[in-house]
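Residue-level structural notes
Each chain is listed here by its residues.
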Amino acid sequence: MSVKYEATVTAPVNIAVIKYWGKRDSALILPTNSSLSVTLSQDHLSTRTTIRASPDFAKDRLWLNGVEEDIAASKRLINSITTARKLRADFEQKLLSDGAPAETVVPLSKWSLHVCSENNFPTAAGLASSASGYAALVSALGALFDLPQSTSDLSRVARVGSGSACRSMFGGFVAWQAGVSSDGHDSFAVQIADRLHWPELQALILVASDKKKAISSTAGMQTTVETSELFAERVRSVVPKRMEAMQRAITDRDFATFAEITMRDSNQFHAVCLDTYPPISYMNDISRSIVSIVHAFNAARGRVAAAYTYDAGPNAVIYALKDDMRDLVELFTYCFPRDESTPQEAFYPDTFAIFDSADQVGQRLTRLEVAQLAETAGKFPAGSVRRIIHTEVGDGPRVLAASESLLNDAGLPKHTQ
């Protein structure tokens, strides 16, 4: 059997607590401001990507979630692959220059690639699918090509595919440094703290829509840069202070400060979108109702016990510490009951054993204060929230065994639609 030159990886979703919105260079994807995110567990949200190189492949090919896509149609994808190939070509040349026999240096940089990628969550619905997708792509290329670059160096390669993807190259808490150089060499991701730094921190994702958003992040942020006066003030004076304060909050595991900055930054991000001309609105009525419930929950607790954040979409991410998350799960599953057409295990997979049995989901309210809050908020129409995902802080990209490949022996997807 011939040798297969292949790598399979998974990469995580990250959710920003200090938002990235706006580019100073669209071609290199250089941001107008730094940003900071939390990497979520791949056990619940991830992209899996397999890349195989072969001299027998006629051309580069790409399959996303079982459907073949025109790889040439995505300039960003081509940019990421081309950049990684250049790094591999330089590495091959260095090996030869250092005296390695030519027959031992596999010319992977010259071979065509088959790329197969699958998400286990909705694509383009505000759940950072492009971030995990490009992080998986670049991590797989790095493993396949045996690149010697550091993770921060490879995050630059991910950045030219999708800006926020550079943050998904690390686990834990991650900052994307905006940089100032025109060539982007100083715009890359660094890890602020690993996933074990704050094990009590958890996240609850409320999927209010799994449909593709009407205005892409790329189009939306460009219009914002061109038309929003509030955006300029955010970049100039607000974000630098929040980046410093958020890093201190994470270092100190200060949830109250972490939560307040997270909510304020989410609010300002969406205010900037509304200040764009024409205005952009990514949140919907359910999104805004969730915001109100979180503030009511904090008022009932007498402290900041939960924080919401929204990326460019209607889906909420709620951060809370483990001891408060049980009440939040009970509250949200009660207020937002599942549609009867959605199986219970799909609506809320109880991965942290919040309930004793599945029939308690959406029914049990243990604390009196939570029951009173639920009564005030009321029950929304079934299916208003399509899915609830309970997760935690996670690690960075994982290289998987060959048995986990998405490609068959012929180099074609094992699963197609």
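This section reports on the structure supplied with the text. (Residues numbered from 1 in each chain as written. Predicted model: local features only at pLDDT ≥ 70, side-chain atom pairs only at ≥ 80, totals over all residues. Heavy atoms only, no water.)

The next subject is the overall build of the protein. When its secondary structure is counted, the protein shows 10 helices and 16 strands. Against the compact-globule benchmark of 22 Å for 417 residues, the protein has a radius of gyration of 22 Å, which places it among compact chains. By its C-alpha atoms, the protein is 75 × 50 × 40 Å across when sized along the principal axes. A separation threshold of at least 6 residues defines the contact pool for the protein, and within that pool the share at least 24 residues apart is 76%. (Helix = DSSP H or I, 4+ residues; strand = E, 2+ residues; numbered from the N terminus. Rg over C-alpha atoms; globule rule 2.2 N^0.38 Å. Contact = heavy atoms within 4.5 Å.)

Before going further, it helps to spend a moment on the pairing of strand β13 (residues 306-309). A two-sided burial pattern is seen for β13, the buried positions comprising A306 and Y308 on one face and A307 and T309 on the other. The pairing of β13 with strand β14 (residues 316-321) spans four bridges and is antiparallel. Bridge pairing in β14 links T309 to V317. Adjacent in sequence and paired antiparallel, β13 and β14 are bridged by six residues. (Buried < 20%, exposed > 50% of the residue type's maximum accessible area, 1.4 Å probe, protein only. Pairing = 2+ DSSP bridges.)

Now for the nonpolar core. In terms of nonpolar packing, the biggest core is built from 68 residues, with L206, F258, I290, I318, Y319, F332 and F336 touching the most fellow members. Counting residues in hydrophobic clusters, the runner-up holds 46 residues, among them Y134, L137, L144 and C166. (Core = buried A, V, L, I, M, F, W, Y, C linked by side-chain atoms within 4.5 Å.)

With mixed pairing, the six strands of this open sheet are ordered in space as β8-β7-β9-β6-β1-β16. Taken across any chain shown, the strands that pair with only one partner, and hence form the sheet edges, are β8 (67-69) and β16 (398-399). Here eight bridges tie strand β1 (residues 5-12) to strand β6 (residues 46-54), and the two strands are oriented antiparallel to one another. Its bridge partner being in β6, T8 is matched across the sheet by T50.

With that settled, consider the sheet that holds strand β12 (residues 201-207). The strand order across the open sheet built from four strands is β13-β14-β12-β15, with neighbouring strands paired in antiparallel fashion. At either margin of the open sheet sits one strand with a lone partner, and together these are β13 and β15 (387-392). Strand-to-strand, the axes of this sheet are offset by a mean angle of 20 degrees, without reference to chain direction. Seen against the sheet, helix α6 (residues 255-275) touches β12, β13 and β14 and runs at an angle of roughly 25 degrees to β13. Running over the sheet, helix α8 (residues 322-335) touches β12, β13, β14 and β15 and is turned about 140 degrees from β14. (Axes fitted to C-alpha atoms, helices over the stretch in contact; angles between N-to-C directions.)

When charged atoms on two side chains of opposite charge get close, those side chains can pair. With the rule as written, the count across this model stands at 24 salt bridges. The salt bridge involving D60 is made with R85; its shortest N-O contact spans 2.8 Å. With a gap of 25 residues between them, D60 in the loop between β6 and β7 (61-64) and R85 in helix α1 (residues 75-97) connect regions that are remote in the sequence. Here D60 and R85 have matching classes, each one buried. Ionic pairing is found between D90 and K86, a salt bridge with its closest N-O pair at 3.0 Å. Pair noted here: D90 and K86 are both in helix α1, with a separation of four residues, about one helical turn. Residue class for D90 comes out partly exposed when judged on its relative accessible area of 41%. In this structure, a network of salt bridges that share partners links the residues R301, R303, D324, D327, R367 and E369. (Salt bridge = Lys/Arg side-chain N within 4 Å of Asp/Glu carboxyl O.)

This part is about the side chain of S139. Within the secondary structure layout, S139 lies in helix α2 (residues 129-145). Residue classification places S139 among the buried positions, given a relative accessible area of 12%. A distance of 2.8 Å separates a polar side-chain atom of S139 from the backbone oxygen of A135. Those residues in contact with S139 that sit more than four places away from it in its chain are V9, M169 and P397. (Polar contact = N/O pair within 3.5 Å; in protein donor to acceptor, adjacent residues only side chain to side chain.)

Time to look at the packing of α1 against α2. It is the contact of α1 with α2, at a shortest axis distance of 10 Å, that shows an interaxial angle of 20 degrees. By the angle between their directions, the pair α1 and α2 is classed as roughly parallel. Considering only the axes of α1 and α2, their crossing is right-handed. Where α1 abuts α2, its residues R76, L77, S80, I81, A84, R85, R88 and F91 lie against Y134, L137, L141 and F145. (Parallel < 35°, antiparallel > 145°, perpendicular 65-115°, else oblique. Left-handed = near helix turned anticlockwise from the far one by under 90°.)

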